[in-house]
Amino acid sequence: EAGVAQSPRYKIIEKRQSVAFWCNPISGHATLYWYQQILGQGPKLLIQFQNNGVVDDSQLPKDRFSAERLKGVDSTLKIQPAKLEDSAVYLCASSIGQGRGGELFFGEGSRLTVL
Amino acid sequence: AQTVTQSQPEMSVQEAETVTLSCTYDTSESDYYLFWYKQPPSRQMILVIRQEAYKQQNATENRFSVNFQKAAKSFSLKISDSQLGDAAMYFCAYRSDTGTASKLTFGTGTRLQVTL
């Protein structure tokens with residue numbers, strides 16, 4: 001079974017530039033999550049989708065971050081304009097449903113460096 | 001808001017020995033789930049073990065077991081017969097069982113080194 005796919009693995013940009021990350025979840029997984037993991041910290045949820053609807057985006061900096069999940073499958077996370085503090089690993093995860101005891105399956109992440 | 005605290009930034013264990021990683025959490029809820037996730041250097045996180053708060057019995061998965069103390073809000077992970085492949089970051093995580101949207105809240109992690 002294919003896992004959660006993310007691209008690109010690495011991205012270096014200058015501040016005020018824009019960047020986009022792509023995620024393809026495990027087939028059949030209705031719930032998709034984007035996490036931000038800053039060095040030395042645990043992952044922090046940015047946004048959660050159930051199919052193509054947003055369930056939780058309370059910690060998404062909406063002035064610069066946006067995310068979409070068209071057709072309820074793959075998803076794109078965009079940052080525009082980027083700030084130095086956005087340097088982090090962006091993790092995508094998926095789960096079969098919203099069952100709270102359910103396992104999240106993570107991708108390998110996209111490491112962003114903002115100079 | 002729920003918080004998860006891992007007070008050990010780094011731990012070291014010799015191969016074949018046992019190590020315990022600590023985790024405490026703060027919540028006013030009675031129904032929730034607790035998890036331990038492992039993140040090897042490749043960065044893909046995988047689930048190690050989970051515990052439902054309503055269950056008194058501690059969860060066990062092969063060499064991994066937890067000590068769940070609900071009243072003390074403590075959830076430690078014990079790794080027995082440690083192997084080189086156990087070296088990784090370990091994150092403790094909490095998830096509420098109430099509400100329409102319940103996010104997984106992670107601690108700051110413990111880096112485990114396994115030595116020969």
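Residues numbered from 1 in each chain as written. Chains lettered and ligands numbered in written order. Predicted model: local features only at pLDDT ≥ 70, side-chain atom pairs only at ≥ 80, totals over all residues. Heavy atoms only, no water.

1. Here's the deal with the packing of aromatic side chains
Inclusion rule: The rule is short: rings of Phe, Tyr and Trp, with Trp giving its six-membered ring, pair when the centres are within 6.5 Å, and they are stacked under 30 degrees, edge-to-face over 60, tilted in between. Helix and strand labels come from DSSP, where a helix needs a run of H or I of at least four residues and a strand needs a run of E of at least two; each type is numbered from the N terminus. Three labels apply to residues, based on accessible area from a 1.4 Å probe with only protein chains included: buried if under 20% of the type maximum, exposed if over 50%, partly exposed otherwise in between.
Applying the stated criterion to the full structure yields 16 aromatic pairs over all chains. Here Tyr 35 of chain A and Phe 106 of chain A contribute two aromatic rings whose centre-to-centre distance is 5.9 Å and whose plane-to-plane angle is 50 degrees, an arrangement assigned as tilted. Of this pair, Tyr 35 of chain A sits in strand β4 (residues 31–37) while Phe 106 of chain A sits in strand β10 (residues 105–106), and the two are 71 residues apart along the sequence. Accessibility classification places Tyr 35 of chain A together with Phe 106 of chain A in one group, the buried group. By way of ring pairs, the aromatic residues Tyr 33, Tyr 35 and Phe 106 of chain A together with Tyr 33, Phe 35, Tyr 37, Phe 91 and Phe 106 of chain B are connected into one cluster.

2. What about the pairing of strand β5 (residues 44–50) of chain A?
Residues and elements named next belong to chain A. Short version of the rule: Here the rule is simple: two strands pair whenever DSSP picks up at least two bridges between them.
Judged by how many residues are buried, β5 sits mostly within the fold: five of seven residues are covered. Bridge count for β4 against β5 is six bridges, and the pairing is antiparallel. Along β5, the bridge assignment pairs Tyr 35 with Leu 45. Connecting the antiparallel pair β4 and β5 is a turn made up of six residues, with Gly 40 showing a positive phi of about 85 degrees. Bridge count for β5 against strand β6 (residues 53–56) is three bridges, and the pairing is antiparallel. Its bridge partner lying in β6, Gln 48 is registered against Asp 56. Between β5 and β6, which follow one another and run antiparallel, lie two residues, and Asn 51 among them has a positive phi close to 55 degrees.

3. Some remarks on the state of the cysteines
A covalent bond bridging the sulfur atoms of two cysteines is what the word disulfide describes. In plain terms, the rule: Put simply, a disulfide is two cysteine sulfurs that come within 2.5 Å.
Taken as a whole and judged by the stated rule, the model has two disulfides over all chains. Between Cys 23 of chain A and Cys 92 of chain A runs a disulfide, and the two sulfur atoms are separated by 1.9 Å. Torsion about the S-S bond of the Cys 23 of chain A and Cys 92 of chain A cystine: about -70 degrees, corresponding to left-handed handedness. One end of the pair, Cys 23 of chain A, is in strand β3 (residues 19–24); the other, Cys 92 of chain A, is in strand β9 (residues 88–95), with 69 residues separating them in the sequence. A sulfur-sulfur separation of 2.0 Å characterises the disulfide bridge that pairs Cys 23 of chain B with Cys 92 of chain B. Taking the torsion about the sulfur-sulfur bond, which here is approximately -70 degrees, the covalent link between Cys 23 of chain B and Cys 92 of chain B counts as left-handed. One end of the pair, Cys 23 of chain B, is in the loop between β3 (19–21) and β4 (24–26); the other, Cys 92 of chain B, is in strand β10 (residues 88–96), and 69 residues separate them in sequence. Here the two residues Cys 23 of chain B and Cys 92 of chain B agree in accessibility, since each one is buried.

Geometric values such as these leave the question of function open.
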